[in-house]
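# Examination of the molecular architecture
Letter by letter, the chains look like this.
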Amino acid sequence: MNININWYPGHMKKTTESIKSNLKLVDIVYELLDARIPYSSQNPSINSILGKKKRIIILNKSDLADPEINNKWKNYYNNNGINCVFLNSLSGKGIDELVNLTKKTIDKNIVKVMIVGIPNVGKSTLINRIANRKSTKTGNKPGITKSIQWINANDGIYLLDTPGVLWPKFEEENVGLNLAFVGSIKDEILDTVTLSLKLIDKLNAINETLIIKRYNLDSNSADPYGTLEKIAIKRGCLLKGSNIDLEKAANIIVDDFRKGLLGKISLESPQEV
């Protein structure tokens, strides 16, 4: 089943142009990626936009990803001459390392930093952590930040926040799906049942015991639809007349994955991409 995922609101084109024009104002760029999908969560146009500008790759939500694969990604970026930091912006783990690395890379009393990344990757939460206060609106829906703004953070760091920006078309279906799995594309773009079936396929390919253990199933079905039905029955997702509520079951598995309740899972590794 081929799925065409296309989401490129008008404000994203404006944001891309603004990033280009404001790049000269900063010393270094923080590029936030989702640690579960570093390849899929990296806007392919960013490399050409940044050029030789110094940057630090931040693998956010690293606590939700496979630690072994996290290290493989860090080695991958380091081998390509790019500094990389693991971060859990919700808990603040990794913030001190990030600040110290920034100061080491840019030897100035005041360092101006631009933050770029796709929607819902955690830019606003990172800013709040560094600034130690509620500087920007945050939420678990893509598209919270709508305009560019400067934030006077601690440790002599000034942050230039930018709205999350995707690109006009996902050439690889797998990239679009990965972005949908982690919630970087609005859920309205793809129906949840279809998304959950694709997610079940993906998780079973990684480790077929993940779903079995989480939902206490005897076994996986031969097809993801059958597995979704089993999950619905186990979780009591029933409509009138004992009909199965697949929509409710689909929301459960997608939400469980996003919260890390299925385990520490990476959806891609450097070798695969």
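Residues numbered from 1 in each chain as written. Predicted model: local features only at pLDDT ≥ 70, side-chain atom pairs only at ≥ 80, totals over all residues. Heavy atoms only, no water.

Turning to the overall build of the protein chain, a few remarks are in order. Of regular secondary structure, the protein chain possesses 10 helices and 6 strands. Within the protein chain, the fraction of its 273 residues that count as buried is 52%. The long-range fraction of contacts in the protein chain, counting pairs at least 24 apart against all pairs at least 6 apart in sequence, stands at 67%. Carbon and sulfur atoms make up 47% of the accessible area of the protein chain, which totals about 13,300 Å². (Helix = DSSP H or I, 4+ residues; strand = E, 2+ residues; numbered from the N terminus. Buried < 20%, exposed > 50% of the residue type's maximum accessible area, 1.4 Å probe, protein only. Contact = heavy atoms within 4.5 Å. Areas by Shrake-Rupley, 256 points an atom, 1.4 Å probe, with all protein chains shown as cover.)

What follows deals with the packing of helix H6 (residues 173–182) against helix H7 (residues 192–206). Taken N-terminus to C-terminus, the directions of H6 and H7 make an angle of 105°; their axes are 11 Å apart at the nearest point. Taken as axis vectors, H6 and H7 run roughly perpendicular relative to one another. For the pair H6 and H7, the contacting residues are Glu173, Asn174, Leu177, Asn178, Ala180 and Phe181 in the first and Leu195, Lys198, Leu199 and Lys202 in the second. Each residue belonging to the contact of H6 with H7 can be placed in one class, and the counts come to 5 nonpolar, 2 polar and 3 charged. (Axes fitted to C-alpha atoms, helices over the stretch in contact; angles between N-to-C directions. Parallel < 35°, antiparallel > 145°, perpendicular 65-115°, else oblique. Nonpolar A, V, L, I, M, F, W, Y, C, P; charged D, E, K, R; others polar.)

What follows deals with the confidence of the model for the protein chain. Confidence along the protein chain averages 85 in pLDDT terms, with 84% of residues attaining 70 or more. Segment residues 136–146: pLDDT under 50, and 32 contacts once partners within four positions in sequence are set aside and those in other chains are kept. (pLDDT = per-residue confidence, 0-100.)

A regular strand carries its side chains on alternate faces of the sheet. Extensive coverage of strand E2 (residues 55–60) is indicated by the burial of 6 of its 6 residues. Here E2 shows no split at all, with Arg55, Ile57 and Leu59 on one side and Ile56, Ile58 and Asn60 on the other all buried. Where strand E1 (residues 28–34) meets E2, 6 bridges bridge the pair, whose relative direction is parallel. Looking across to E2, one finds that Asp34 is bridged to Asn60. Bridge count for E2 against strand E3 (residues 83–87) is 5 bridges, and the pairing is parallel. Residue pairing across strands places Leu59 opposite Phe86, the latter belonging to E3. (Pairing = 2+ DSSP bridges.)

Inspection of every chain in the model, using the stated rule, returns 2 cavities of 30 Å³ or more. By volume, the second largest cavity amounts to about 40 Å³. What lines the second largest cavity is a set of 10 residues, and nearest its centre among them are Asn43, Ile46, Val116, Gly117 and Ile118. Looking at the lining of the second largest cavity, the elements that each hand over two or more residues are E1 and strand E4 (111–117). Residues of the lining of the second largest cavity, tallied by class, amount to 5 nonpolar, 4 polar and 1 charged. (1 Å grid on protein atoms, 1.4 Å probe; cavity = no way out; pocket = protein on both sides within 12 Å on 5 of 7 lines; lining within 4 Å. Points joined across faces, edges and corners; volume = space filled by probe spheres on them.)

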